[in-house]
Protein chains: 2
Amino acid sequence: MITVYHSEHAQSYIAALSRLLPGHRVSDQLEPDARYAVAWNPPEGFFSNLSGLQGVFALGAGVDRLLGRQDLSPDIPIYRLTDAGMAEQMVEYARYGVLHWQRSFDVYRTQQQAQQWQVRPDRRKADTRITVLGLGEMGGRVAAALAEDGYCVSGYSRKRHALDRVNCISGEAQLNALLAQTDVLINLLPSTALTRGLLSAKRLALLPAGSALIHAGRGDQLDENALLAALDSGALRFALLDVFALEPLEAGHRLWGHPRAIITPHSAAQTLIGEAAAQIARRIQALEQGQEVTGKVERSRAY
Amino acid sequence: MITVYHSEHAQSYIAALSRLLPGHRVSDQLEPDARYAVAWNPPEGFFSNLSGLQGVFALGAGVDRLLGRQDLSPDIPIYRLTDAGMAEQMVEYARYGVLHWQRSFDVYRTQQQAQQWQVRPDRRKADTRITVLGLGEMGGRVAAALAEDGYCVSGYSRKRHALDRVNCISGEAQLNALLAQTDVLINLLPSTALTRGLLSAKRLALLPAGSALIHAGRGDQLDENALLAALDSGALRFALLDVFALEPLEAGHRLWGHPRAIITPHSAAQTLIGEAAAQIARRIQALEQGQEVTGKVERSRAY
């Protein structure tokens, strides 16, 4: 028995999983004999009655909202989606934000409002310095794709990675030094004890005047008041924001109306139902046969 | 003797050409013994006093403004820049416009103004149908790059081309049929007798509801009133426009303030001074040695 929770797409997941796992009953009912839960942001208490649970499949790449819950024993393994079409979407989102900066579309938009016709000298790709925070499945793909495009790309991660054409660093001192040499900062870190609050007022102030932020990690990593101050002063030319401290971004929040903010509703990398269901079905089949599967979350590092 | 005309960058071109062609005098003075002119949009009459002219080098890819001039004999060869870094810039510009459509950034901008948080189902690259008009140095590179990105790309040109992964067509009937199957139309045609007025009200009406136009060919190819009507009705979700019937776009033109228009000041593919000067210097050296050079304009086809 597999129980599914998704506020919008539960029926689609049930249909896909039923087709892929004909030997299993799949339902959105909370039945105590459910062996697996497939869920996106389930309400508190959701897991309380599922005493036979052997695994939870998160319908997303980030699992921070499944960790530390009162209703879910730390003994029950959590699996996150690995890619499922999301990294490709994140590359698109990042590439758009980088082009917005490199080709001055933000400046031309302001000029358009003033009916001003003035060509800006453009930066070339090789002279556009990009720093990607997080080099996991999302960040690694984004850094590699932008380097392939011809940009000058650096990448920061907790443990130092090695990626072709990407200047990989780790450690706080190196990060702070790198921020001062960054034109476009792309945050794709998971939410962990180490990354919460990482984009503080102090770190944002290290960025050169006229740089830009693409923020698609998690809302709790960014000091939104510090961001607003940097946008107000023009220290940051713009911010492309997909995640927020509180989602949905609340009505009346100053970011909604800020001329230097571009707001998307946590849509940068959407879970593709077909690919997610196929990945989860493969893993359930493997688990049922006693095999190891990928994507198991290490609670100590939170991803 | 080489004479240079450029309203903004004449001195930069003179410096670069002087360095590359030490045996030649390079100046912005109109001297009758000039053998070569290097020019961007010179005023009427500019060529009248240059009786010894053996060639004109256009500082751009399009040469329509050099053809049919009263002051320039049709016997004098015109050379256009071939690439010189411009195709790469055009790929960036087209990619930005395509992502703007595919990833719904126009819709999210409208939602942001209404403080509305709503995820849109995104189109995948393979399901995004792009038609590129013109498959020369610009259009060919753009079509190939977008096909490489994973988009579904067709290309239209006067003579049918063959390009990997691109559905190449020619002829008016095929073009009209293709427009009805196009999500993003990218115009990169040169201005010729055959392309002037090509983007008429009738052709724009063939595009499916909710498609978009990226217009970076020449202003005389597009019926701006028909475009405004298509934007007003929402038949076109947006237009990204780099060229206009009259440039600079005149103050008060309705396109400036249209919420569905993105205006750039003929900046999509800027001539890179260093690369352009190097290319022109190589050609002048070859011509002086009696060799053939590339980039010579065929007046009958106008490019």
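Residues numbered from 1 in each chain as written. Chains lettered and ligands numbered in written order. Predicted model: local features only at pLDDT ≥ 70, side-chain atom pairs only at ≥ 80, totals over all residues. Heavy atoms only, no water.

> In this structure, what is going on with the overall build of chain A? I would like to understand it.
Counting its regular elements, chain A contains 9 helices and 12 strands. For a compact globule of 303 residues, the expected C-alpha radius of gyration is about 19 Å, and chain A comes in at 21 Å, within 12% of that figure. C-alpha atoms of chain A, sized along the principal axes, occupy 65 × 40 × 30 Å. Residues counted as buried form 56% of the 303 residues belonging to chain A. (Helix = DSSP H or I, 4+ residues; strand = E, 2+ residues; numbered from the N terminus. Rg over C-alpha atoms; globule rule 2.2 N^0.38 Å. Buried < 20%, exposed > 50% of the residue type's maximum accessible area, 1.4 Å probe, protein only.)

> I keep staring at the confidence of the model for chain A and nothing clicks. Help me out?
On average, residues of chain A score 95 in pLDDT, and 100% of them are at 70 or above. The complex model carries a pTM of 0.91, and its ipTM stands at 0.91. (pLDDT = per-residue confidence, 0-100.)

> Got a minute to help me understand the environment of Leu135(A) in this structure?
All names here are of chain A. Topologically, Leu 135 is positioned in the loop between strand 6 (129-133) and helix 4 (137-149). Residues Leu 135 and Arg 158 lie 23 residues apart in sequence; the distance between their C-alpha atoms is 8.8 Å. When near neighbours in sequence (up to four residues on either side) are disregarded, Leu 135 contacts Gly 140, Ala 143, Gly 155, Tyr 156, Ser 157, His 161, Leu 163 and Cys 168. (Contact = heavy atoms within 4.5 Å.)

> Looking at this structure, how should I read the interface of chain A and chain B?
How big an interface is tends to be stated in terms of accessible area lost as the parts join. Each partner contributes residues to the interface: chain A has 50 residues there, and chain B has 50 residues. When chain A packs against chain B, close to 4,100 Å² is buried across both sides, 56% of that on carbon and sulfur atoms. Run the count over chain A and chain B and you get 10 salt bridges. A salt bridge links Arg124(A) to Glu88(B), with the shortest nitrogen-to-oxygen separation between them at 3.7 Å. (Buried area = accessible area lost by both parts, 1.4 Å probe. Salt bridge = Lys/Arg side-chain N within 4 Å of Asp/Glu carboxyl O.)

> Is there a simple way to explain the packing of helix 1 (residues 10-20) of chain B against helix 9 (residues 273-288) of chain B in this structure?
Relative placement of two packed helices is described by the angle separating their axes and the distance separating the axes. Residue and element names in this part refer to chain B. Two numbers describe how helix 1 lies on helix 9: the axes approach to 9 Å, and their chain directions differ by 45°. On the basis of the axis angle, helix 1 is oblique to helix 9. Of the two elements, helix 1 crosses helix 9, and the hand of that crossing is right-handed. The segment helix 1 lies against helix 9, with Ser 12, Tyr 13, Ala 16, Leu 17 and Leu 20 engaging Ile 273, Ala 276, Ala 277, Ala 278, Ile 280, Ala 281 and Gln 285. (Axes fitted to C-alpha atoms, helices over the stretch in contact; angles between N-to-C directions. Parallel < 35°, antiparallel > 145°, perpendicular 65-115°, else oblique. Left-handed = near helix turned anticlockwise from the far one by under 90°.)

> Hey, could you run me through helix 7 (residues 224-233) of chain B in this one?
For an α-helix, 3.6 residues make a turn, and residues three or four places apart therefore share a direction. Residues and elements named next belong to chain B. The set of residues buried in helix 7 consists of Glu 224, Ala 226, Leu 227, Leu 228, Ala 230 and Leu 231. N-capping of helix 7 is provided by Asp 223, with a side-chain oxygen placed 3.0 Å from the backbone N of Asn 225. Phi turns positive one or two residues past the end of helix 7, at Gly 234, with a value near 85°. (Polar contact = N/O pair within 3.5 Å; in protein donor to acceptor, adjacent residues only side chain to side chain.)

> Would you explain the state of the cysteines in this entry?
As used here, a disulfide is simply a covalent bond connecting the sulfur atoms of two cysteines. All names here are of chain A. Inspection of the entire model under this criterion finds 0 disulfides over all chains. With no disulfide of its own, Cys 168 lies 12 Å from the sulfur of Cys 152, the closest cysteine sulfur. Relative accessible area serves as the criterion here: at 10%, Cys 168 is assigned to the buried category. (Disulfide = S-S within 2.5 Å.)

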